[in-house]
Amino acid sequence: MASTAVQTASLKRRDSLAAREEDKLVITPLGAGNEVGRSCVYMSYKSKTVLFDCGIHPAYSGMAALPYFDEIDPSTVDVLLITQYIKQIISLAL
């Protein structure tokens, strides 16, 4: 009887770990880092992907000014959110 309880608890832990792996949140910065401009963050969670911001670097032009999009497949992005302007509007309103 005790061994059945141990096996059941072990199975529950494995199921729990598998569920946690599916719930994994992955955040990948594609620009900015320690500089101004070119900010972009790619986030994936439960087979959904979000791209935040996508700014350009003011000191560069052309492709050099863009975030590092070669790290991702843009066709997999579900939602694009621009947060910088929202922050500026809120700070102006206050």
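Computed from a predicted structure; not experimentally measured. (Residues numbered from 1 in each chain as written. Predicted model: local features only at pLDDT ≥ 70, side-chain atom pairs only at ≥ 80, totals over all residues. Heavy atoms only, no water.)

**Q** Can you explain the sheet that holds strand S1 (residues 25-29)? Please cite residues and give values.
**A** Taken together, the four strands give an open sheet; going across it, the order is S1-S2-S3-S4, and neighbouring strands pair in mixed fashion. Each edge of the sheet is formed by a strand with only one pairing partner; in this case those strands are S1 and strand S4 (79-81). Averaged over all adjacent pairs, the angle separating strand axes in this sheet is 20°, with direction ignored. Pairing between strand S3 (residues 48-53) and S4: three bridges, direction parallel. If you follow Leu51 over to S4, its bridge partner there is Leu80. (Pairing = 2+ DSSP bridges. Helix = DSSP H or I, 4+ residues; strand = E, 2+ residues; numbered from the N terminus. Axes fitted to C-alpha atoms, helices over the stretch in contact; angles between N-to-C directions.)

**Q** Could you give me a rundown of the nonpolar core, with the residues and numbers involved?
**A** Counting residues in each nonpolar core, the largest one holds five residues, listed as Leu30, Cys40, Tyr42, Leu51 and Ile72. Non-local contacts of Ile72, meaning those with residues more than four positions away in its chain, are made with Leu30, Tyr42, Leu51 and Val77. (Core = buried A, V, L, I, M, F, W, Y, C linked by side-chain atoms within 4.5 Å. Buried < 20%, exposed > 50% of the residue type's maximum accessible area, 1.4 Å probe, protein only. Contact = heavy atoms within 4.5 Å.)

**Q** How would you explain the environment of Pro74 if you had to name every residue and give the values?
**A** Turning to its location among the elements, Pro74 is positioned in the loop between S3 and S4. In sequence terms Pro74 and Tyr42 are 32 residues apart; their C-alpha atoms lie 9.9 Å from each other.

**Q** I'd like a rundown of the environment of Arg38, residues and numbers included.
**A** For Arg38, the location among the structural elements is in the loop between S1 and strand S2 (40-45). Excluding its chain neighbours within four sequence positions, the residues that come into contact with Arg38 are Gly31, Ala32, Gly55, Ile56, His57, Tyr60, Ala64, Ala65, Leu66, Pro67 and Tyr68.

**Q** How would you summarise the pairing of S3 if you had to cite specific residues and measurements?
**A** As paired elements, S2 and S3 share six bridges and run antiparallel to each other. Across the sheet, Ser44 pairs through a bridge with Thr49, a residue of S3.

**Q** Let's hear about the side chain of His57: which residues, and what values?
**A** Its location among the elements puts His57 in the loop between S3 and S4. Apart from the residues lying within four places of it in its own chain, the contact partners of His57 are Glu35, Val36, Gly37, Arg38 and Ala65.

**Q** Could you give an account of the side chain of Arg38, naming the residues involved and the relevant values?
**A** On the basis of relative accessibility, which here comes to 7%, the residue Arg38 falls in the buried class. Within the structure, Arg38 has its side chain in polar contact with the side chain of Tyr68 (distance 3.4 Å). (Polar contact = N/O pair within 3.5 Å; in protein donor to acceptor, adjacent residues only side chain to side chain.)

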